Amino acid sequence: EDAKRRDFTINGLFEDPETGEIIDHVGGLDDLRHGIIRAIGVPEDRFREDGLRLMRAVRFATRLGFSIEPETMAALTRCAHRLDGISPERIRDEFSAIIAQPKRRAGLEMLVVTGLISHFMPEVLAMIGCDQPPEWHPEGDVFTHTMIMLEMLGGEAPLSLCLAVLFHDIAKPPCRTIDEETGRIRFNGHDSTGARMAEEIMRRLRYPNALVDAVVPMVARHMQFMHVQQMRVAKLKRFMAEPHFDQELELHRVDCASSNGFTDN
């Protein structure tokens, strides 16, 4: 009975402490061998018991490189609304674990495909289909650009950098304008607006003040790198003296490498 109320088959295994024998009532060993995340019993029943299991499914799948069994995957979409009854802190912890691991892009894309992200960070969805000037962003829309950047980060990238990358262009959709004469797409003020949006999202998810104070300035300052070659030495020194400058530099590196490839700055 205990095993039947666990979340996924790979988590429903027991071990005899005297003999080391694995006791498997739910087919977890087979799923473990084949790399499958499968809800125990009826998926909707398990997600009804605890809606956070929706996020846990994505976390386990991306961290372990496992696939989600089709019925369980379909239930993620059908039960996504159950996140609305979960505390922001619990969602935050699962989301942080997803974005701070090496396969973060796959995790984010799975959160989007299943509709889970719309229940705690809907701002991300607006980036999908938000086109950019092709001469600067041949890779595609804002969402694609951001996903490539997340993928380019090192496996041990700190959470603050991962969040700064996710949020650095979060305000491009609301700031997007098109010049009537030239037809050029512009995103004026998306850095400052993005900093405000990043803070709002992080406060909503109850992130600690120290992390908010690290991420928000990175979002606010990410466009200043285009001016470093024109900065006077004193200003450049001040620019580089920020406590998280090493992370800002990495953000700028993947920002350029995922788009125009410009590395002079």
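Just so it is clear, the structure is predicted and the values come from calculations on it, not from any experiment.

**Topic: the overall build of the chain**
Okay, so step 1: In terms of regular secondary structure, the chain is built from 13 helices and six strands.
Okay, so step 2: In terms of overall dimensions, the chain has a C-alpha envelope of 70 × 40 × 30 Å along the principal axes.
Okay, so step 3: Classification of the 265 residues of the chain by burial places 48% in the buried group.
Okay, so step 4: Counting only contacts in the chain whose residues sit at least 6 apart along the sequence, the fraction spanning at least 24 positions is 67%.

**Considering the packing of aromatic side chains**
Okay, so step 1: For the structure shown, the criterion picks out six aromatic pairs.
Okay, so step 2: Residues phenylalanine 8 and phenylalanine 60 carry aromatic rings whose centres are separated by 6.0 Å and whose planes lie at 85° to one another, so their mutual orientation is edge-to-face. With phenylalanine 8 in the segment before strand E1 (13-15) and phenylalanine 60 in helix H3 (residues 53-64), the pair connects residues that are 52 residues apart, well separated along the chain. Residues phenylalanine 8 and phenylalanine 60 agree in their burial class; the two are buried.
Okay, so step 3: One aromatic cluster in this structure is built from Phe8, Phe47 and Phe60.
Okay, so step 4: We note arginine 59 situated over the ring of phenylalanine 60; from NZ or CZ to the ring centre the distance is 4.9 Å.
Okay, so step 5: Over the face of the ring belonging to phenylalanine 187 we find lysine 172, whose NZ or CZ atom lies 4.8 Å from the ring centre.

**As for the pattern of salt bridges**
Note on pairing: side chains with opposite charge can pair once their charged atoms come close.
Okay, so step 1: In total, this model carries 22 salt bridges according to the counting rule given.
Okay, so step 2: With its nearest N and O atoms 3.8 Å apart, the salt bridge here joins lysine 4 to glutamate 1.
Okay, so step 3: In this structure, the salt-bridge partner of glutamate 89 is arginine 206, at a minimum N-O distance of 3.6 Å. Remark: arginine 206 occurs in the loop between helix H10 (190-204) and helix H11 (209-221) and glutamate 89 occurs in helix H5 (residues 88-99); sequence separation between them is 117 residues.
Okay, so step 4: What you see here is one network of salt bridges that share partners, running through Arg5, Arg46, Glu49 and Arg53.

Definitions and cut-offs
- Residues numbered from 1 in each chain as written.
- Predicted model: local features only at pLDDT ≥ 70, side-chain atom pairs only at ≥ 80, totals over all residues.
- Heavy atoms only, no water.
- Helix = DSSP H or I, 4+ residues; strand = E, 2+ residues; numbered from the N terminus.
- Buried < 20%, exposed > 50% of the residue type's maximum accessible area, 1.4 Å probe, protein only.
- Contact = heavy atoms within 4.5 Å.
- Phe/Tyr/Trp six-rings, centres within 6.5 Å; stacked < 30°, edge-to-face > 60°.
- Lys NZ or Arg CZ within 6 Å of the ring centre and 35° of its normal.
- Salt bridge = Lys/Arg side-chain N within 4 Å of Asp/Glu carboxyl O.

So, to be careful, I would describe these as geometric facts and stop short of saying anything about function.
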